[in-house]
Amino acid sequence: MKIILKDGTEKEFENGKNVYEIAKSLSQRLAKEAVGGKFNGKIVELFTPINENGKLEILTFDDEDGKKIYWHTSSHIMAQAIKRLYKDVKLTIGPAIDNGFYYDFDVDEPFTVDDFSKIEEEMNKIIKEDLKLERFVLPREEAIKFMDEKGEPYKVELIKDLPEDAVISFYRQGEFTDLCAGPHLPSTGMVKSIKLLSVAGAYWRGDEHNKMLQRIYGISFPKKSMLDEYLNMLEEAKKRDHRKLGKELDLFSIHNEGPGFPFFHPKGMVIRNILEDFWRKEHAKRGYLEIKTPIILNEELWHRSGHWDHYKENMYFTKIDGEDYAIKPMNCPGALLVYNSTMHSYRDLPLRLCELGLVHRHELSGALHGLMRVRSFTQDDAHLFMTPDQVESEILGVIKLIDYFYKIFGFDYFVELSTRPENSIGSDEDWELATNALIKAMEHIGLNYKVNEGDGAFYGPKIDFHLKDSIGRTWQCGTIQLDFQMPERFNCEYVGQDGEKHRPVMLHRVVFGSIERFIAILTENFAGAFPTWLAPVQVKILPISDKHLAYAQNIQQRLLENDIRVELDDRNEKIGYKIREAQMQKIPYMLILGDKEVESGNVSVRSRKEGDLGSKSIQEFLSSILEEIKNKSL
RNA sequence: GCUGGCAUAGCUCAGUCGGUAGAGCAGUUGAUUCGUAAUCAACAGGUCAAGGGUUCAAGUCCCUUUGCCAGCUCCA
């Protein structure tokens, strides 16, 4: 057979050679590191024989798919260890994830981290035993009987739910056998360095109505040094946590008096205001008109919009003069009232109404997370009203706008398309039309996306833009939602070219998502060292002694006149002390002023990134920092 | 909301077997007038998250509540 290798070279092998043998013929080292293969795009095991021509990639731990194989086997080792130590535990599922693996167990007594060392010890024994993983297949009835006899009801349920034509495979390692599609490492001995990381509850099949299982997370590596490096990386990432930095840099606080209701401090407000100014400018350029709608509106409005039926659980209510009112969880009904307050011609469309709208939503207490998930936040919202034939170009416009914004901050993002959820309004035709319009727009500019089945808003499908935090968790920020329902419910109209009344299509969208969440993402991505255009304090003036105060004040004035955010450290402290503090506050530039500077009329510049930059004229410093701010340099 | 863990000074954290709270940093005051990441000294700072219970005695043991952390669920 002919095999095309990863580097494109073609080689002839005897039929039936397995991945390991092929790897070995290429290099001893590759054979040693190989964990599996990818044959014609399909993941295969190390000892899978290859019988036909095709493309073969030898997978090692360095490949994403290789890691998955490695971690999947690691999760089986954990399950085996737990089965040995705790007799009554019932197995459920145990996949590899992006960073390691987990296994969910049904157990009466919950695990705690104190159990970890015992479990790890048993896992290391299993690794040492170097048990072979053997795959075998059973017909459905026998498979069910097999797991039933083993006393594994969850496995029986899993098998029963497999499609008719599914191959039901098992993997056996020593006394332990698990239902599993694979693929796996050939033996437990290939896993070297293993560590259990955390334990948490998780609902069976992710449904909160089901029983809560015990989930143990772990990770493993082929080398001890890689494990140490990973744990070290996690420690470093914790230092970038926006909750920690928010406190250290005095950006915001959250108090017991208002869980999930953040307070913004002066320095946090600087960032907020810059983001909002930038946002207003960019939206004005693109033909958006800004509005502001009330936070409290009559409950009847929310019945009309459908929020009462589909979003009530997340809403706060109040009473005014004996009447029921609701605190808005979304801005759309307000924008619809604005739209309906005047007549519209087709000539006015598309009408792009934007609003920095403060919304309140009741999130579950366990879901709150710093500024990332709160109960009150400002959405940088907009509602676009358009004729049906404007839909695609409007969607495109918003996609480009979001891409433009995220690129300025240097963010990588990924996109998900969320389709119709169970509890939703509108006809199937409208949903299909709306979903197709979103797909068409994304395909038009070649945007890669993942489909998230059934995760749309109750009124329409959406495209979500996700950003990563410091430890790789992803958060939804931008979103574009197409809506045929609200205009219908609110009886929105425009007069067409034909003189008849028509229904507009509506697009909901946010770019930042929520200002609060976006600031959290910014903080974590920059580790608190905001680029100069965003930094709450851009320049700190550090006089050597109070002899130089007058000159320092003079320089401060020059900078203030040029709209630079500047602070003067006039305390009676040594220069090293002041520098240290400014550095820890991650201030982009320090100006050190002593006798030399007073005499020459210059400033001595120290950059947070590069340290001492030497003496410059004030003009020279000003023009370079102003240029940096103007360009929004990162 | 659920599962598990945690809560001591503004911050970071000690506090042994239950015997009556301590450090560093920050703050205040004084001295020092200094050249690129911490000058010295003194002072002040606490209903040990809140409430209840056990005990001669509770920061420490038990219960309840609140908040926080990780995950699940949910979501901008």
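Source: prediction; values computed, not measured.

Colleague: With reference to specific residues and values, describe the protein's contact with RNA strand B.
Modeller: Close to RNA strand B lie 58 residues; Y203, R373, N572, R580 and S604 are nearest. Protein-adjacent atoms of RNA strand B, using a 4 Å cutoff, are sugar or phosphate at a proportion of 51%. At a separation of 2.7 Å, a sugar or linking oxygen of RNA strand B approaches a polar side-chain atom of N256. Side-chain polar atom of R580 to a base nitrogen of RNA strand B: 2.2 Å apart, as the coordinates give it. Counting residues per element, the surface near RNA strand B draws most heavily on helix α18 (residues 575-584), at six residues.

Colleague: Please set out the UniProt feature "binding site: Zn(2+)" (unreviewed entry) in chain A residue by residue, giving values where relevant.
Modeller: When the UniProt feature table is mapped onto this chain numbering, "binding site: Zn(2+)" (unreviewed entry) sits at C332, H383 and H508. Spanning 177 residues, the named residues nonetheless gather at one spot, since no C-alpha pair among them exceeds 7.5 Å. Here H383 is to be found in strand β21 (residues 376-386). What makes H383 buried here is its relative accessible area of 2%. Here H383 is in contact with N331, C332, A335, L351, R352, L353, M506, L507 and H508, once residues within four sequence places are set aside. Residue placement: H508 occurs in strand β28 (residues 505-514). You can call H508 buried: its relative accessible area is 4%.

Colleague: Please set out the pattern of salt bridges residue by residue, giving values where relevant.
Modeller: The full count for this structure, using the stated rule, is 40 salt bridges. The residue D104 makes a salt bridge to R215 at a minimum N-O spacing of 2.7 Å. With D104 in strand β8 (residues 100-106) and R215 in strand β13 (residues 212-221), this residue pair connects regions lying 111 residues apart in the sequence. Given the relative accessible area of 2%, D104 is considered buried. Since its relative accessible area comes to 15%, R215 is described here as buried. Connected through salt bridges with shared partners, the residues R84, E122, K125, E129 and E175 form a single ionic network.

Colleague: Pulling in residues and values, what's your account of a nonpolar patch on the surface?
Modeller: Taken together, I295, I296, I320 and L358 make up a surface patch of nonpolar side chains, about 270 Å² in accessible area. When you line up the elements, L358 lands in strand β20 (residues 351-360).

Colleague: Which residues make up the pairing of strand β11 (residues 176-179), and what values do they have?
Modeller: Along β11, one buried face is formed by F176 and D178 and the opposite face, lined by T177 and L179, is buried too. As judged from the four bridges shared by strand β10 (residues 169-173) and β11, these two strands associate in the antiparallel manner. Looking across to β11, one finds that Y171 is bridged to D178. Hairpin connection, β10 to β11: the antiparallel pair is bridged by two residues, and G174 has positive phi, about 60°.

Colleague: So what about the domain arrangement of chain A? Which residues, and what values?
Modeller: Here the domain parsing of chain A yields domain 1 (2-55), domain 2 (66-239), domain 3 (278-294 + 329-525) and domain 4 (539-630). Between the C-alpha centres of domain 2 and domain 4 there is a distance of 57 Å.

Colleague: Explain helix α20 (residues 618-630) residue by residue, including any values.
Modeller: In this model α20 runs 18 Å from its N-terminal to its C-terminal C-alpha over 13 residues, within 8% of the 18 Å that 1.5 Å per residue would give. Every buried residue of α20 is listed here: I618, F621, L622, I625 and E628. Buried residues in α20, looked at end-on, bunch into an arc of 135°, giving them a common side. Contacts made by the buried residues of α20 are with β29 (539-543), α17 (549-561), β31 (589-593), β32 (602-607) and β33 (611-617).

Colleague: Can you lay out the packing of aromatic side chains for me, pointing to particular residues and giving the numbers?
Modeller: Taken as a whole and assessed by the stated rule, the structure comprises 36 aromatic pairs. Considering the side-chain rings of F61 and Y70, the 4.9 Å spacing of their centres and the 75° angle between planes classify their relative orientation as edge-to-face. The buried category is assigned to Y70, whose relative accessible area is 2%. Relative to F518, the ring of F409 lies with its centre 5.1 Å away and its plane at 75°, an arrangement referred to as edge-to-face. Here F409 is found in the loop between α13 (391-408) and β22 (414-418), whereas its partner F518 is found in helix α16 (residues 515-525), with 109 residues between them in sequence. Here the aromatic cluster, defined as three or more aromatic residues joined through ring pairs, consists of F278, Y404, F405, Y406, F409, F411, Y413, F465, F512, F518, F526 and W533. Of note, R272 hangs over the ring of F264, and the distance from its end group to the ring centre comes to 4.7 Å.

Colleague: An account of the side chain of S193 is requested, with residue identities and associated values reported.
Modeller: As for its position among the elements, S193 is in strand β12 (residues 193-203). In this view, S193 contacts I219, S220, F221, K223, K224 and L227; residues no more than four positions away in its chain are not counted.

Colleague: Which residues make up the sheet that holds strand β5 (residues 54-60), and what values go with them?
Modeller: Pairing between the strands of a sheet is mediated by backbone hydrogen bonds and can be parallel or antiparallel. Strand order in the open sheet formed by five strands is β2-β1-β5-β3-β4, with mixed pairing between adjacent strands. The open sheet has two edge strands, β2 (10-12) and β4 (42-44), and neither has a second partner. In this sheet, neighbouring strand axes are inclined to one another by 35° on average, regardless of whether the strands run parallel or antiparallel. By the bridge criterion, five bridges tie strand β3 (residues 34-39) to β5 in an arrangement that is antiparallel. Bridging across to β5, K38 finds its partner in E57. Contacts from helix α1 (residues 19-26) reach β1 (2-5), β2, β3, β4 and β5 within the one sheet, and its direction differs from that of β5 by about 80°.

Colleague: How would you sum up the UniProt feature "domain: TGS" (unreviewed entry) in chain A? Please name residues and give values.
Modeller: The residues that UniProt annotates with the feature "domain: TGS" (unreviewed entry) are residues 1-60. The span residues 1-60 is 23% helix and 38% strand, and its two end C-alpha atoms sit 23 Å from each other.

Colleague: An account of the nonpolar core is requested, with residue identities and associated values reported.
Modeller: Counting residues in hydrophobic clusters, the biggest one holds 60 residues, and the most contacted among them are I395, Y406, F409, I463 and L522. It is α13 that contributes the most residues to this core, nine residues altogether. In contact with Y406, not counting residues within four places along its chain, are F411, Y413, F465, L467, C477, G478, V511, F512 and F518. Within the second largest apolar cluster, 36 residues are counted, among which are Y70, I77, F101 and L131.

Thresholds applied
Residues numbered from 1 in each chain as written. Chains lettered and ligands numbered in written order. Predicted model: local features only at pLDDT ≥ 70, side-chain atom pairs only at ≥ 80, totals over all residues. Heavy atoms only, no water. Near = heavy atom within 4 Å. Polar contact = N/O pair within 3.5 Å; in protein donor to acceptor, adjacent residues only side chain to side chain. Helix = DSSP H or I, 4+ residues; strand = E, 2+ residues; numbered from the N terminus. UniProt positions renumbered as here; feature names shortened; annotations may be inferred. Buried < 20%, exposed > 50% of the residue type's maximum accessible area, 1.4 Å probe, protein only. Contact = heavy atoms within 4.5 Å. Salt bridge = Lys/Arg side-chain N within 4 Å of Asp/Glu carboxyl O. Patch = residues over 30% accessible without salt bridge, like charges linked within 9 Å, V, L, I, M, F, W, Y side chains within 5 Å. Areas by Shrake-Rupley, 256 points an atom, 1.4 Å probe, with all protein chains shown as cover. Pairing = 2+ DSSP bridges. Domains from an automatic or database assignment. Expected span 1.5 Å × (residues − 1). Arc of directions from axis to C-beta. Phe/Tyr/Trp six-rings, centres within 6.5 Å; stacked < 30°, edge-to-face > 60°. Lys NZ or Arg CZ within 6 Å of the ring centre and 35° of its normal. Axes fitted to C-alpha atoms, helices over the stretch in contact; angles between N-to-C directions. Core = buried A, V, L, I, M, F, W, Y, C linked by side-chain atoms within 4.5 Å.

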